[in-house]
Every structure is written in structure tokens, then in C-alpha cells.
Amino acid sequence: MNQSAKQPADILYQAGLAKSASSGENIPQSFWYVKMLLGFSGWLAAFLLLCFLAPAFDFFIENKPALLITGGLMICSAFGLLRVSGNDFYQHLALALSLAGQALVIFLIFDSVPDRGVLAWLGVFAFEAILAAVIPDFVHRVFCSFVGAVAFARMLTYLGCPHIAGGVLILAASFFWLNEFSCLLRIKTIQAIGYGLVLALILFETITLLGYNGSWSPLTSSSPVFQTAPWMGEVLIAAAALYVVLHLLNRHKQPMPGAVSISAFLGTLVVCLVSVKVQGLTVGMVILLLGFAGANRVLMGLGIVSLLFYISSYYYLLETTLLAKSLTLLVVGLVLLCLRWLMLHMLPAPKEARHV
Amino acid sequence: MISSRKQFIELVQKDIVPPENIAEALRTTGMLPDGRAWRGFIDRLLLWLGGLALAFAAMYFIAYNWDALGRFVKFGMAEGAMILFIAAFCLVADRSAAARVSLLAAAICLGVLLALYGQTYQTGADPWQLFFTWAALMLPWAVIGKFAGIWILWTAILNITIILYCRTFPEAFGFLPGSRSAMIWLIFFFNSLVLTVWEIVGQIRGRPPERWAVRLPAFIAAAALIVLVLQAIFNPGNSGWITVMVWAVWLGVVYFVYRKTMPDLFMLVCVCLSAIVVVVGFLAYHMPDEFYQPGFLLLALVVVGMGAGAGFWLKNVNRELQS
């Protein structure tokens with residue numbers, strides 16, 4: 001492990017691309033499950049802090065300035081703690097303080113907006129977007145991006161275009177993940193926002209797939225401003241898939257038009273067309289593609305889990321009969337296997353050698 | 001490829017690799033997939049998704065309430081699909097992805113066939129018997145297949161069997177202390193057993209199992225035990241101490257094995273998570289009534305402290321493991 005950790009610096013130094021070779025200092029990897037533990041304890045502590053503040057809620061409801069000041073102070077304290085200290089205890093305390101403060105501010109936003117519709121969700125989205133940009137903590141940024149993306153999807157629902165929310169989220173997520181390496185100095189910020197968007201996207205697709213019509217569902221809208229149809233969402237998701245393919249072809253300097261480029265575009269279009277009835281299939285595949293393109297195991301894991309979930313949850317979709325679902329999946333399966341056969345037999349295998 | 005990702009990012013952030021060299025450096029290190037890697041990935045993606053889609057198509061087709069089809073036609077189709085996948089497995093009988101996909105699809109078709117049998121002949125069997133038979137009949141395939149996916153399917157089927165059995169016979173374990181939670185106890189023991197056997201077999205064969213597959217039963221066992229201990233704390237009874245003892249022993253064993261013998265940070269995260277939840281639950285239950293409101297603040301600080309402590313310790317362990 002030690003040897004592999006030193007490899008990139010040494011290889012790049014030998015190639016004249018790095019200023020120095022490996023210093024021998026090992027850079028420890030951080031793991032998603034450790035971050036999950038930190039996130040969970042921050043969330044639990046925030047919940048307990050809110051319980052502590054619960055008796056003051058009557059006072060807060062009567063005094064909106066007090067609510068704003070308390071919430072704002074908690075978030076500012078979190079910001080200060082994160083800026084000043086790298087200590088784990090303060091990092092946790094900051095996360096808990098900020099999450100509790102955000103809950104107070106979001107409550108204030110909903111309490112201040114009369115219809116709790118577009119404006120309220122727009123307010124939450126803007127608030128979370130600012131926090132995601134400003135507060136310098138990875139777990140905090142993932143959380144803010146996630147809540148911000150959910151608020152954005154809700155806002156679109158109230159505007160009357162719930163069907164395009166998934167497409168917009170996947171386009172945004174694709175943009176962030178594909179440009180992950182274009183600004184390496186801010187890569188942690190880009191990654192955190194990317195994870196938040198992907199988690200919100202998976203949640204959104206799940207809720208849509210399960211067809212919940214409760215008040216939380218993005219498919220319920222009281223006073224729509226615009227009207228969109230489900231096919232518009234599918235077009236946007238297909239556009240996101242094509243955008244990902246185009247970006248990857250450019251990254252690998254594939255000639256346009258060329259055999260590989262045309263095959264990739266046609267293959268993607270065919271997959272999008274046949275899987276249009278299987279909710280979430282294209283989304284899962286795009287997440288998996290993004291994960292592989294960035295050599296990101298966590299993102300690939302999210303893609304695989306969401307794909308398995310969507311394909312098995314398809315059973316519970318009430319709009320179509322099991323016979324129609326069976327035929328759709330049969331077509332999807334046959335088309336995917338045919339595409340694989342075509343790829344193996346028609347496209348020559350690249351001969352480039354791996355460097356590492 | 002993937003292990004060098006973190007190192008590369010750190011190198012750029014420390015300005016060891018100047019920004020103008022990043023694109024070339026990404027290519028040179030081979031950190032991102034090249035054409036050959038992409039071809040292999042697309043190949044596997046299309047194969048797995050296509051195979052699974054066909055298996056699910058067969059499942060949904062049989063599940064459809066057919067009036068026009070006779071039972072022999074239905075059985076013929078289910079058996080035909082299964083035989084087709086088995087034939088595909090025999091044709092590519094190696095450790096390739098195609099062989100694995102075929103075997104997994106055949107295992108799914110086996111479940112479909114059993115469900116069809118129960119539905120057609122109204123055998124009167126309970127649902128748990130269907131799942132148990134499914135698991136028993138696919139066991140040889142899992143042994144032959146020797147890949148994580150089929151074992152995870154087998155484990156999932158047996159977990160469902162346990163849940164269905166306990167729902168059918170809620171009093172089956174009434175003679176045991178803590179029998180109200182028999183289902184959770186069984187899930188805990190079964191997943192712990194799977195974890196233990198998997199690890200031991202991996203050690204004996206000198207080929208450790210895929211970590212993601214081993215972590216799944218470990219996480220389920222940890223979650224089940226957390227629920228049991230919380231039940232024991234919030235509904236104290238005669239058998240509560242047994243639960244707490246089992247929890248303490250489990251925690252100690254997992255800590256010892258995955259800290260000292262075969263280090264695995266994920267398992268240690270499970271230990272920390274379990275400890276945080278149980279300690280907070282214990283303190284919350286035993287908080288004096290007069291201290292009820294400020295108690296929440298105290299609990300929040302305990303969570304923050306324990307979370308920070310766990311994070312600090314895990315980082316140190318991680319650093320030690322990587323050095």
C-alpha cells in the first residue's frame with residue numbers, strides 16, 4: 001500500500017510533470033463510511049439541540065427577529081469554528097450547530113412566506129446554496145447541496161414543471177462531476193456539491209417511481225405557473241446522457257465524426273429510447289458512467305445500488321400491467337445485449353497501454 | 001487506478017503538480033480510465049444490465065395473471081428461461097462476467113419457477129417455505145458460482161425467510177427470554193454466522209472475500225443488535241442484561257478481529273456507531289425528570305464528543321493501517 005501511495009508523485013516527477021518526487025510521506029485515504037459516521041453524529045446532535053431549544057419555540061414563533069438572530073448566530077458560530085479550528089470535536093460541534101441553525105432559519109422562511117410555495121422553496125434553495133459555497137466543511141457541503149437540490153425540485157413542482165426536475169438535477173450533477181478535475185484547487189467543494197446533487201437525484205427518482213402522492217411528493221402541485229409533460233423530463237435525462245458521452249469523447253480526443261463517436265452517440269440514444277418506460281434506469285446508468293469516468297468507487301456504488309433498486313421497484317409501478325413491464329424489460333435486455341455484441345464485434349479494441 | 005486518485009488530488013492541492021500540467025498528468029498516471037478500460041466497463045455494464053433485465057422480464061411475465069395460458073405453457077416458459085441461462089453458463093463455464101450473469105439470472109428464474117408451482121397447485125405452503133426452498137435449491141449454484149453477487153442473493157433470500165417465518169409463527173420462540181424480538185435476534189445471529197463463515201472460509205482458502213459483500217451482513221447484524229439493545233434499554237425486563245452482554249461481547253469480538261487480526265475500517269465504524277447510539281439511548285432513558293430539558297443539551301454534547309472521538313480514533317487507525 002505504501003508503495004502504491006508513492007507511485008503518482010514518482011511517476012509524474014520522472015515525466016517532468018511534478019516539481020518533486022514522493023517525499024515518502026504517506027497521504028492517508030479517507031473513506032466514505034467514516035464521513036457517514038461524522039454526518040450521522042452531527043445530524044443526531046443537531047436533533048438533540050433542537051429538542052433542547054423546543055420550549056423556546058413559542059417565543060420564537062412570536063418573535064421572528066429572535067428566531068433569525070438565534071439561527072444566524074448558530075450558523076455563524078459554526079462557520080467561525082470551522083474556519084479557526086481543525087479539531088474534530090469543534091468540527092462536530094459546528095456541524096450540529098449549523099444543522100440546528102438551518103432548521104430554525106428554514107422554519108422562519110416558511111413562516112414568513114404566505115403560501116409556502118415557490119418563494120419559500122426558492123428562499124431555502126438560495127440559503128442552502130450560499131451555505132454550500134461558504135462554509136468550509138465537506139460533510140456540511142454535502143448536506144447543504146442535498147437540501148438545496150431538494151428545495152429546487154420542490155420549487156419546480158410549485159412552478160408546475162415537476163417532470164423536468166430529475167433532468168435538471170442530473171444535468172447539474174453531470175456538469176459538476178465531469179469538471180471535477182478542471183479546478184483541482186476547489187475539488188473538495190465540487191465533489192461535495194456533486195454528492196449532494198446525486199443523493200437528491202436518487203431520492204427524487206425514488207419518490208417519483210414509488211408514486212407517493214402525499215404532500216412531500218414532487219409530483220403534487222397546487223397552483224402551477226408552467227405546464228410540462230413527462231416526456232420533457234425524459235428528453236432532459238437523455239440530453240444529460242448525451243452531454244456526458246460528448247464530454248467523455250472530447251476528453252479522450254475521439255474524432256468527431258468517427259466510428260467510436262457515432263457508435264457511442266447512437267448506442268446512448270438507443271439505450272435512452274428503450275429504457276424510457278423503466279423509470280430511473282438511464283439515471284442510474286449515467287451515475288455509474290460518471291463514477292467510472294472519475295475513477296470514483298463511491299459514485300459507482302451509488303449508481304449500482306440505484307440501478308438495482310429502480311429495476312426491482314419497477315414491479316410496484318401501478319400505471320402499467322406486469323405484462324407490459326415484462327415486455328419492456330425484455331426489449332431493454334435484448335437491446336442491451338445486442339449493443340454489447342455489436343460493440344465486441346464491430347468496434348476494434350483499443351491498443352493503448354496502461355501507464356500505472 | 002482508483003487507489004491513486006486521492007494521492008493525485010493531494011499532489012495538485014499541495015502544488016507539487018502545477019495547474020498547467022494537470023491534464024497531461026491525469027493521462028500519464030493512468031488514473032482515469034483509458035480506451036481499453038472503457039471498453040471493458042461498457043462490456044460488463046451492458047452484460048449485467050441486459051442479463052438482469054431478461055431475468056426480471058421472465059419474473060414479471062410469469063407473475064402476470066394469465067388466463068389464456070395453460071399451466072404447462074407457463075411452466076415450460078419458466079423452466080425454458082432457467083434452462084437457457086444454465087446452458088449459457090455451461091457454454092462459458094469459466095469465471096467470466098457472462099458466466100456469473102447467467103448463473104444469477106438462472107437463480108432468479110428458479111425463484112420464479114417455485115412461485116409459479118405454489119401458485120398453480122395451491123400447495124398451502126407458507127411463503128417462508130417458498131423462500132427457504134429457493135435458498136436450499138440454489139445453494140449448490142452459489143457454491144459452484146463462487147462470486148459475491150450470488151451469495152448476497154442467497155443471504156437476502158434467507159433473511160426474507162426468517163422475517164416471513166417469524167410473521168407466520170410469532171410465538172415460535174416464546175420459551176426463550178426476549179422472545180418478543182425473536183425475528184431481530186434470528187436476523188442478528190444469521191448475519192453474524194454468515195459473516196463468520198465467510199471470513200473463515202476466505203482465510204482457509206487464502207483468498208479473502210470481496211470486502212463490500214462481507215460488510216453487508218456485518219452491517220445488518222450491527223443494526224439488528226442496536227435495535228435489540230435499544231429495546232432492552234427502553235423496555236427493561238428480566239432478559240435485558242442478556243442483550244447487553246451479547247452486545248458487549250459482539251462489540252469486543254468485532255473490535256479484536258477487525259482491529260488486530262484482519263484490519264477493516266468499515267467494521268470499526270460499525271462498532272463506533274453502535275457505541276454512540278447505545279450510550280445516547282442509555283443516557284436518555286436514565287436522565288432524571290428534573291434534568292429533562294437541559295439533558296438534551298448534555299446528550300447533544302455527548303454525541304458531538306463521541307462522534308469527534310470516534311472520528312479522531314478512526315483517522316489514527318487509518319493512518320496506522322496505511323503506513
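Keep in mind it's a predicted model, so treat the numbers as computed, not measured.

S.K.: Run through the overall build of chain B, naming residues and quoting values.
M.R.: Each helix and strand counted, chain B has twelve helices and zero strands in total. Put simply, chain B runs from its N terminus to its C terminus through helices and strands in the order α-α-α-α-α-α-α-α-α-α-α-α. Relative to the compact-globule value of 20 Å for 323 residues, chain B shows a C-alpha radius of gyration of 25 Å, a clear excess of over 25%. Based on the C-alpha atoms only, the size of chain B along its principal axes is roughly 70 × 70 × 40 Å. Within chain B, residue pairs in contact and separated by at least 24 positions form 65% of the contacts whose partners lie at least 6 positions apart. Carbon and sulfur atoms provide 69% of the accessible area of chain B, an area that totals close to 15,500 Å². Looking at chain B, you have 22 positive and 17 negative side-chain charges, and the mean spots of the two groups are 6 Å apart.

S.K.: Can you explain helix α9 (residues 187-210) of chain A? Please cite residues and give values.
M.R.: When the terminal C-alpha atoms of α9 of chain A are compared, their 34 Å separation across 24 residues agrees well with the 34 Å that a helix rising 1.5 Å per residue should span. In terms of residue burial, α9 of chain A counts as a mostly covered element, since 20 of its 24 residues are buried.

S.K.: Could you give an account of the packing of aromatic side chains, naming the residues involved and the relevant values?
M.R.: On inspection of all chains with the given rule, the structure shows 26 aromatic pairs over all chains. Pairing Y33 of chain A with F266 of chain B gives two aromatic rings, centres 5.2 Å apart and planes at 85°, and the pair type is edge-to-face. Placement of Y33 of chain A in helix α2 (residues 32-53) and of F266 of chain B in helix α11 (residues 265-285) is noted, with the two residues assigned to different chains. With respect to burial, Y33 of chain A and F266 of chain B carry one shared label: buried. The interplanar angle of 55° and the centroid separation of 5.1 Å between the aromatic rings of F188 of chain B and F189 of chain B together place this pair among those described as tilted. Residue F188 of chain B is classed as buried on the basis of its relative accessible area of 3%. Here a set of aromatic residues connected by ring pairs shows up, and it is made of W128, F132, Y165 and F169 of chain B.

S.K.: Report on the packing of helix α9 (residues 211-234) of chain B against α11 of chain B, specifying residues and quantitative values.
M.R.: All names here are of chain B. Contact geometry of α9 with α11 gives a least axis separation of 10 Å together with a crossing angle of 10°. Relative to α11, the element α9 lies roughly parallel. Between α9 and α11, the contacting residues are R211, V214, R215, A218, F219, A222, I226, V229, L230, I233 and F234 on the first element and F266, M267, C270, S274, V277, V278, G281, F282 and Y285 on the second. Split by residue class, the contact of α9 with α11 holds 16 nonpolar, two polar and two charged.

S.K.: Residues and numbers for helix α3 (residues 35-63) of chain B, please.
M.R.: Counted at 1.5 Å a residue, the expected span for α3 of chain B with its 29 residues is 42 Å, and the 42 Å between its end C-alpha atoms agrees. In terms of burial, α3 of chain B is a largely internal element, 22 of the 29 residues being buried.

S.K.: Can you tell me about a nonpolar patch on the surface, naming the residues and giving the values?
M.R.: Nonpolar side chains collect at one region of the surface, where L327, L330 and L334 of chain A lie side by side and expose about 240 Å² of accessible area between them. Inspection of the secondary structure assignment puts L330 of chain A in helix α14 (residues 322-346).

S.K.: Which residues make up the side chain of S261 of chain A, and what values go with them?
M.R.: Residue placement: S261 of chain A occurs in helix α11 (residues 259-274). Beyond its immediate chain neighbours, meaning those up to four positions away, S261 of chain A contacts L249, Q254, P255 and M256 of chain A.

S.K.: Give me the nonpolar core: which residues, what numbers.
M.R.: Membership of the largest hydrophobic core comes to 200 residues, with the highest contact counts inside it found for L329 of chain A together with I150 of chain B. The element that contributes the greatest number of residues to this core is α3 of chain B, accounting for 16 residues. Leave out the neighbours within four places in its chain, and I150 of chain B touches L103, L104, A107, M138, W141 and A142 of chain B. Core analysis: the second largest hydrophobic core is formed by 17 residues, L12, L17, A18 and I187 of chain A among them.

S.K.: Can you break down the side chain of E199 of chain B residue by residue, with the values?
M.R.: Relative to the elements of secondary structure, E199 of chain B occurs in helix α8 (residues 182-205). Residue E199 of chain B is classed as buried on the basis of its relative accessible area, which comes to 5%.

S.K.: Would you mind going over the interface of chain A and chain B in detail, with residue names and values included?
M.R.: Contacts between the two partners involve 95 residues from chain A and, on the opposite side, 86 residues from chain B. Here chain A packs against chain B, burying approximately 8,400 Å² in sum over the two surfaces, 73% of which is carbon and sulfur. Our enumeration of links across chain A and chain B arrives at one salt bridge. Measuring nitrogen to oxygen at the nearest pair gives 2.3 Å for the salt bridge that ties D43 of chain B to R340 of chain A. At the junction of chain A with chain B, the criterion picks out five residue pairs in polar contact (both at pLDDT 80 or more). Contributions of two or more residues to the side of chain A that touches chain B are made by α1 (2-14), α2, α5 (88-112), α9, α10 (230-251), α12 (281-293), α13 (297-313) and α14 of chain A. Here the side of chain A that touches chain B is built from residues that sort into 64 nonpolar, 18 polar and 13 charged.

S.K.: Describe the pattern of salt bridges, and please don't skip the residues or the numbers.
M.R.: Residue and element names in this part refer to chain B. For the structure on display, the rule yields five salt bridges over all chains. With a closest N to O distance of 2.9 Å, E199 and R211 form a salt bridge. Of this pair, E199 sits in helix α8 while R211 sits in helix α9, and the two are twelve residues apart along the sequence. You can call R211 partly exposed: its relative accessible area is 26%. Among the ionic pairs, R215 bridges to D264, the shortest N-O distance being 3.1 Å. Of this pair, R215 sits in helix α9 while D264 sits in the loop between α10 (240-261) and α11, placing them 49 residues apart in sequence.

S.K.: For unusual backbone geometry, give the residues involved together with the corresponding values.
M.R.: In the Ramachandran plot, A295 of chain A falls in the positive-phi region, its phi being about 55° despite a non-glycine side chain. Residue placement: A295 of chain A occurs in the loop between α12 and α13. The phi dihedral of K146 of chain B is positive, around 50°, even though this residue is not glycine. You can call K146 of chain B partly exposed: its relative accessible area is 44%.

Conventions and cut-offs
- Residues numbered from 1 in each chain as written.
- Chains lettered and ligands numbered in written order.
- Predicted model: local features only at pLDDT ≥ 70, side-chain atom pairs only at ≥ 80, totals over all residues.
- Heavy atoms only, no water.
- Helix = DSSP H or I, 4+ residues; strand = E, 2+ residues; numbered from the N terminus.
- Rg over C-alpha atoms; globule rule 2.2 N^0.38 Å.
- Contact = heavy atoms within 4.5 Å.
- Areas by Shrake-Rupley, 256 points an atom, 1.4 Å probe, with all protein chains shown as cover.
- Lys, Arg positive; Asp, Glu negative; His and termini not counted.
- Charge placed at Lys NZ, Arg CZ, Asp CG, Glu CD.
- Expected span 1.5 Å × (residues − 1).
- Buried < 20%, exposed > 50% of the residue type's maximum accessible area, 1.4 Å probe, protein only.
- Phe/Tyr/Trp six-rings, centres within 6.5 Å; stacked < 30°, edge-to-face > 60°.
- Axes fitted to C-alpha atoms, helices over the stretch in contact; angles between N-to-C directions.
- Parallel < 35°, antiparallel > 145°, perpendicular 65-115°, else oblique.
- Nonpolar A, V, L, I, M, F, W, Y, C, P; charged D, E, K, R; others polar.
- Patch = residues over 30% accessible without salt bridge, like charges linked within 9 Å, V, L, I, M, F, W, Y side chains within 5 Å.
- Salt bridge = Lys/Arg side-chain N within 4 Å of Asp/Glu carboxyl O.
- Core = buried A, V, L, I, M, F, W, Y, C linked by side-chain atoms within 4.5 Å.
- Buried area = accessible area lost by both parts, 1.4 Å probe.
- Polar contact = N/O pair within 3.5 Å; in protein donor to acceptor, adjacent residues only side chain to side chain.

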